[in-house]
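Each chain, written out:
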Amino acid sequence: LEFEGSFSHLVFFNFFFPAEVGIRVALWSRGLGDVFKRQLLLLASSLVIGMSVFYLLASVHWSLSWLWYVYLGWSFLALGDLLQHAKHVAAAIKEDDLAAAKRQVGMLVGRDTKQMDLTACGRAAVESVSENLNDGVIAPLFYFCFFGIPGMLFYKVVSTLDSMVGYRNERYQDFGWCGAKFDDL
């Protein structure tokens, strides 16, 4: 079973893409302070919803709350798809299929793959796997060790904000700075 980030992605898509439209339309926008408040609201609401479900299930039976924690913990550890894509890159490199290697590594990285050779494809795959191993497994486990499932939930929401809108480009200049700054903390 693979639940890779399902809870945080669900909250994010239902809350922030409509909010982004409001920031883009000048009549609806209240400026960067509104963005900051919305992103804080997302963090707080994610924690409140996650913990409310836990306490609701615990009031029925302790084992149900334990299963909820297992589900959340499993869904916050994201490595399955990453390894699968990396295996596809490795298979293409092993077969000396440059076109397939470029196509497969393009699913892992955000950079242009047109000028890559097989060695560059391999380096890009290793680099992406190591970076995402930290972001998808090691850091969530770190937060789990110190803060439990609520810490993992907080980390994943902040990480999702940064990875989805925390870019320094024209489209997300006003909207993405807050998620990027949260992630830097």
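Definitions and cut-offs
- Residues numbered from 1 in each chain as written.
- Predicted model: local features only at pLDDT ≥ 70, side-chain atom pairs only at ≥ 80, totals over all residues.
- Heavy atoms only, no water.
- Patch = residues over 30% accessible without salt bridge, like charges linked within 9 Å, V, L, I, M, F, W, Y side chains within 5 Å.
- Areas by Shrake-Rupley, 256 points an atom, 1.4 Å probe, with all protein chains shown as cover.
- Salt bridge = Lys/Arg side-chain N within 4 Å of Asp/Glu carboxyl O.
- Helix = DSSP H or I, 4+ residues; strand = E, 2+ residues; numbered from the N terminus.
- Buried < 20%, exposed > 50% of the residue type's maximum accessible area, 1.4 Å probe, protein only.
- Phe/Tyr/Trp six-rings, centres within 6.5 Å; stacked < 30°, edge-to-face > 60°.
- Axes fitted to C-alpha atoms, helices over the stretch in contact; angles between N-to-C directions.
- Parallel < 35°, antiparallel > 145°, perpendicular 65-115°, else oblique.
- Left-handed = near helix turned anticlockwise from the far one by under 90°.
- Contact = heavy atoms within 4.5 Å.
- Nonpolar A, V, L, I, M, F, W, Y, C, P; charged D, E, K, R; others polar.

(A) Representation of a nonpolar patch on the surface in the model. A grouping of Val60, Trp62, Leu64, Trp66, Leu67 and Val70 is seen on the molecular surface, where their side chains present a nonpolar patch of about 650 Å² in accessible area. Here the element with the most residues in the nonpolar patch is helix H3 (residues 62–75); it accounts for five residues. Its place among the elements puts Trp66 in helix H3. A relative accessible area of 51% means that Trp66 is categorised as exposed.

(B) Here's a closer look at the packing of aromatic side chains. The tally for this structure, following the rule as stated, stands at eight aromatic pairs. Both rings, one in Tyr143 and one in Tyr155, keep their centres 5.1 Å apart while their planes meet at 20°; by these two values the pair is stacked. For Tyr155, a relative accessible area of 10% corresponds to the buried category. Members of the aromatic cluster, connected to one another through ring pairs, are Phe142, Tyr143, Phe146, Phe147 and Tyr155.

(C) Quick look at the environment of Ala90. Assignment of secondary structure puts Ala90 in helix H4 (residues 80–94). For the pair formed by Ala90 and Ala101, sequence separation is eleven residues and the distance between their alpha carbons is 7.7 Å.

(D) Main features of the packing of H4 against helix H5 (residues 98–106). Contact geometry for H4 and H5: axes closest at 8 Å, N-to-C directions at 165°. Comparing their axes, H5 and H4 come out roughly antiparallel. The interaxial crossing formed by H4 with H5 has left-handed handedness. Contact with H4, carried on its side by His85, His88, Val89, Ala92 and Ile93, involves Ala100, Ala101, Gln104 and Val105 of H5 and no other residues of that element. Each residue belonging to the contact of H4 with H5 can be placed in one class, and the counts come to six nonpolar, three polar and no charged.

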